[in-house]
Amino acid sequence: MATQFPADFKCPISLEIMSDPVILPSGHTFDRPNIQRWLDAGHRTCPLTKLPLPDHPSLIPNHALRSLISNYTLPSSPQLHNNHRLPQSQSQSQSQQSQPQSLISTLTSASSSLDSKLESLDRLNRMSKRDAAFRAKLTESGAVAAVLKCVGSDEPSLQEKALTLLLNVSLDDDNKVGLVAEGAIARVVAVLQTGSPNSRAVAATMLTSLAVVEVNKATIGTYPYAIRALVSLLRDGKGREKKEAATALYAICSFPDNRRRAVECGAVSILIRIADSGLERAVEVLGLLAKCKDGREEMQRFSGCVRILVRVLENGSSRGVQYALLTLSSLCHFSQTMRTEARMEGALAICMRLVEDDNEKIRKNASYLIQVLDGNHSIP
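The structure contained in this document is the topic of the report that follows. (Residues numbered from 1 in each chain as written. Predicted model: local features only at pLDDT ≥ 70, side-chain atom pairs only at ≥ 80, totals over all residues. Heavy atoms only, no water.)

Of the volumes computed, that of the second largest pocket is approximately 470 Å³. Along the wall of the second largest pocket there are 23 residues; nearest its centre are Pro 25, Ser 26, Gly 27, Val 215 and Thr 219. Elements supplying a minimum of two residues to the lining of the second largest pocket: helix H10 (173-181) and helix H13 (214-222). Here the residues of the lining of the second largest pocket are counted per class, giving 13 nonpolar, 7 polar and 3 charged. (1 Å grid on protein atoms, 1.4 Å probe; cavity = no way out; pocket = protein on both sides within 12 Å on 5 of 7 lines; lining within 4 Å. Points joined across faces, edges and corners; volume = space filled by probe spheres on them. Helix = DSSP H or I, 4+ residues; strand = E, 2+ residues; numbered from the N terminus. Nonpolar A, V, L, I, M, F, W, Y, C, P; charged D, E, K, R; others polar.)

Across the interface, helix H14 (residues 226-236) lies against helix H15 (residues 239-252) with an axial gap of 8 Å and an inter-helix angle of 145°. As H14 packs across H15, the resulting crossing turns out to be left-handed. Residues Ile 227, Leu 230, Val 231, Leu 233, Leu 234, Arg 235 and Asp 236 of H14 lie in contact with H15, whose contacting residues are Glu 241, Lys 242, Ala 245, Ala 246, Ala 248, Leu 249 and Ile 252. Each residue belonging to the contact of H14 with H15 can be placed in one class, and the counts come to 10 nonpolar, no polar and 4 charged. (Axes fitted to C-alpha atoms, helices over the stretch in contact; angles between N-to-C directions. Left-handed = near helix turned anticlockwise from the far one by under 90°. Contact = heavy atoms within 4.5 Å.)

It is worth spelling out the packing of helix H5 (residues 101-108) against helix H8 (residues 143-151) at this point. Close contact between H5 and H8 brings their axes to 9 Å; oriented N to C, the two are set at 40°. Of the two elements, H5 crosses H8, and the hand of that crossing is left-handed. Contacts between H5 and H8 involve Ile 104, Leu 107 and Thr 108 on the former and, on the latter, Ala 143, Ala 146, Val 147 and Cys 150. By residue class, the composition of the contact of H5 with H8 is 6 nonpolar, 1 polar and no charged.

Two aromatic rings, taken as a pair, are described by how far apart their centres are and by the angle between their planes. For the structure on display, the rule yields 1 aromatic pair. Judged by centre distance (5.9 Å) and plane angle (80°), the ring pair of Tyr 250 and Tyr 323 falls under edge-to-face. Within this pair, whereas Tyr 250 is found in helix H15, its partner Tyr 323 is found in helix H21 (residues 318-334), the two being separated by 73 residues in sequence. Sitting over the ring of Phe 334, Arg 296 keeps its end group 3.8 Å from the ring centre. (Phe/Tyr/Trp six-rings, centres within 6.5 Å; stacked < 30°, edge-to-face > 60°. Lys NZ or Arg CZ within 6 Å of the ring centre and 35° of its normal.)

Keep in mind that these numbers describe shape and distance, not what the molecule does.
Next comes the structure, spelled out in structure tokens:
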């Protein structure tokens, strides 16, 4: 009887089992020869979504899917068996102690104790933290699915260690799209909503890492409750959780469509209060949100927003001052009321001092805000 292969094993272009699956920047997987022919023909859209692709789109190996296909087909397909057979030297190398398979088996085995799973995760974390080759072995071995299952555990220590391992895997850009394709966002958002404080902080850091890749920014932003969960962590979390949530929002909101989503989730008022308490990363996020109309309108509704930003100008670090200048420039550019308030709070006098600052960006931003406050500016 013919073997029935899962639909996900088949290339959407040829409908044949993939031998070299790769991920497009759109997040979809294709067999390398087929998608390469598509690109070589001059197409610059995803064959499935029809969304535009970069001029020179990267093709990221989908190691996890390749491993699944190999494991599924080897017993029944001599041809695929021959295609995936390893050279003897490589086979010998992979039999060495550095192979993670036994540690992963401990994670997936129903008979494994909690302590043995924690020990396996500790060892995997130690080996993956600084070794890119070992991280590649992890993804090729199909470990991500097992680790994601641990992330979904109700046991806080298991959840945190598994998240840390995923974070290590995500250090390599080639893995970031692959992790999203395997369902990492769903697990991470669930932890943001219900996890322990430490796990929630690591989950926020995980989103920051994934958002380094542009296509992931859009995917995270449109995922149900992702931004809302970060805003909730920003509001309710403690020191480390707030900082990691603000950092994740900054990374995600560098994608313009996500700024409106963050505003709709109530981020502005929370960020202003946190900025007033001394967390300057919140000022950086405000600088991004002030670039959209909805964000500026929310800041104008918050009594004392300008006063808080001027206080950052006086007492903040270089980076805090830089983003406070940017935020005030956006607000005052579009509102005479905000310009008047900023002048009353002493922003102009502070800017006159800042144009002598050693930091070139601060000098430039201070000069522009002076022009805005004087009414002598053009739309940037």
